[in-house]
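Chain and residue survey
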Amino acid sequence: MRVGKASDTDVEQVGSMREGKLDQKHLLFGEDGTPNNYDLNMGLTGGGGWRTPRHRHNFDQIRYVIQGELPYTETDVLKQGWVGYFPESVHYGPQERAEGLRTMVLQCGGASGQGYLSVAQREATNAELAKTGEFKKGMYHYTDADGAPQVVDGSLAIFEHAMGGKLEFAPPRYTDVIAMDPEAYDWLKGDAGVWEKWLGRFTERDLRIGFVRLEPGAVYQAGQFPSIEILFQIDGKVSAGGAEYGPETGYEFLANEGPVPVEAVEPTEFLRMVLHTF
């Protein structure tokens, strides 16, 4: 088990690739170079908002809205408390995020197995590209070898420069972002004092998204999936591994690491995500 607490994590401002101000706290990272590499973070939109053009990625994203509303097109939003699955290769945006929006985001390798380029790798590449071009409003502007001006999506430019080749997107498995309202789902009783709510299972590699709710004294036996299990603690207090943890804590359990007991000291709810099985 690995744990990352927001209260112990420094704030980092997202780089200049996009337009606006977005502060992040990175709670947990996966392992670079693996298909299930990931980044679990919390974001806060700053003064002036945050904007991105319509774009897509070669990795998956799961977003949970803690406070505010998250736009993912010009007309569609994830409401407070909603969860969105942003599959690899699927376009979304443009986004116009308002100041004060708070989200939890899990970015992770998609079912195609292309993995996820870590924050450290992206920021280093960002700095290199800034020497030969300019990021403006989410796009990278540069002059090619023939002296012709070129404009490409900033995320695409960074990936191709870092990997040293052209990015080939996997065929999209879905046609759009999948927006989910957890209040429309029922809680199902599991072990004593443990309640579960699965929102969905996706792709042939079985990405799973749901919630776990614990009554005081109840024990959730984590880490019993064939892939990495990530928990994000929404509220309450639990005891795990000899320590107590409160809201806005992230937990990683490796494939078949469990059972690892997580005991509720008071009523507690988690967002639960199980990464693709490779």
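To be clear, the structure that these remarks concern was listed above.
As the structure is a computational prediction, the values presented were derived from the model and not from experiment.

Here the focus is the pairing of strand β17 (residues 207–214). Counting buried residues in β17 gives 7 out of 8 residues, a clear majority hidden from the surface. Where β17 meets strand β22 (residues 260–274), 7 bridges bridge the pair, whose relative direction is antiparallel. Opposite Phe211, over in β22, you have Leu271 as the bridge partner.

Scanning the model with the defined rule gives 10 salt bridges in all. For Arg201, the salt bridge is made with Asp206, and the minimal N-O distance between the two is 2.7 Å. Several salt bridges converge on common partners, so that one network encompasses Glu88, Arg173 and Glu204.

Right, let's get into the packing of aromatic side chains. Evaluation of the coordinates by the stated rule reveals 13 aromatic pairs. Between Tyr85 and Tyr174, the aromatic rings sit 5.9 Å apart at their centres with planes inclined by 80°, giving edge-to-face as the arrangement. Of this pair, Tyr85 sits in strand β8 (residues 83–86) while Tyr174 sits in the loop between α2 (154–163) and β14 (178–180), and the two are 89 residues apart along the sequence. Through successive ring pairs, a cluster of aromatic residues spans Tyr245, Tyr251, Phe253 and Phe270. A cation over a ring is seen here: Arg56 above Phe169, with NZ or CZ 3.8 Å from the ring centre.

Every buried residue belonging to α2 is among Gly154, Ser155, Ala157, Ile158 and Phe159, and all of these are buried. Elements in contact with the buried residues of α2: α1 (119–129), β11 (133–136), β12 (139–143) and β13 (149–153). One side-chain oxygen at the N-terminal end of α2 lies 3.2 Å from the backbone nitrogen of Leu156; it belongs to Asp153. Two residues or fewer past α2, Gly164 is found with a positive phi of approximately 75°.

Right, let's get into the sheet that holds β13. Spatial strand order, β11-β12-β13: 3 strands in an open sheet with antiparallel pairing. Because the sheet does not close on itself, it has two edges, and the strands there are β11 and β13. Taking each pair of neighbouring strands and ignoring which way they run, the sheet shows an average axis angle of 25°. Strands in contact with α2 are β11, β12 and β13; relative to β13, the strand with the most contacts, it is inclined by about 95°.

It is worth spelling out unusual backbone geometry at this point. Here the bond from Gly93 into Pro94 is cis, since omega is 0°, no more than 30 degrees from zero. A positive phi angle is found at Ser89, which is not glycine, with a value near 75°. Within the element layout of this structure, Ser89 appears in the loop between β8 and β9 (95–97). According to the relative accessible area criterion, Ser89 is buried, its value standing at 3%. In this structure, Thr203 takes a positive phi of about 65° despite not being glycine.

A pair of packed helices is captured by two measures, namely the crossing angle of their axes and the spacing between those axes. In the contact formed by α1 and α2, the axes pass within 9 Å of each other and the chain directions differ by 95°. Relative to α2, α1 is oriented roughly perpendicular. Residues Arg122, Thr125, Asn126, Glu128 and Leu129 of α1 lie in contact with α2, whose contacting residues are Ala157, Ile158, His161 and Ala162.

With that settled, consider the environment of Glu134. With respect to the element layout, Glu134 can be found in strand β11. Residues Glu134 and Gly154, 20 residues apart in the sequence, show an inter-C-alpha distance of 9.4 Å.

Ranked by internal contacts, the top residues of the largest apolar core, which has 25 residues, are Leu40, Val83, Leu106, Ile209 and Leu271. Not counting residues up to four positions away in its chain, the partners in contact with Leu40 are Lys25, His26, Leu27, Leu28, Met104, Val105, Leu106, Ile230, Leu231, Gly250 and Met273. Listed in part, the 18 residues of the second largest apolar core include Val212, Tyr245, Val262 and Phe270.

Residue position: Ala148 is located in the loop between β12 and β13. By relative accessible area, which is 29% here, Ala148 ends up partly exposed. In this structure, Ala148 is in contact with Tyr142 and Thr143, ignoring residues within four places of it in sequence.

Once that is clear, we can look at α1. Along an α-helix, a turn takes 3.6 residues, which lines up residues three or four apart on a common side. Taken together, the buried positions of α1 are Val119, Thr125, Asn126 and Leu129. For α1, the arc enclosing every buried residue in end-on projection is 130°, short of the 170-degree limit, so these residues lie on one face.

Reading the values: rules and limits
Residues numbered from 1 in each chain as written. Predicted model: local features only at pLDDT ≥ 70, side-chain atom pairs only at ≥ 80, totals over all residues. Heavy atoms only, no water. Buried < 20%, exposed > 50% of the residue type's maximum accessible area, 1.4 Å probe, protein only. Helix = DSSP H or I, 4+ residues; strand = E, 2+ residues; numbered from the N terminus. Pairing = 2+ DSSP bridges. Salt bridge = Lys/Arg side-chain N within 4 Å of Asp/Glu carboxyl O. Phe/Tyr/Trp six-rings, centres within 6.5 Å; stacked < 30°, edge-to-face > 60°. Lys NZ or Arg CZ within 6 Å of the ring centre and 35° of its normal. Contact = heavy atoms within 4.5 Å. Polar contact = N/O pair within 3.5 Å; in protein donor to acceptor, adjacent residues only side chain to side chain. Axes fitted to C-alpha atoms, helices over the stretch in contact; angles between N-to-C directions. Parallel < 35°, antiparallel > 145°, perpendicular 65-115°, else oblique. Core = buried A, V, L, I, M, F, W, Y, C linked by side-chain atoms within 4.5 Å. Arc of directions from axis to C-beta.

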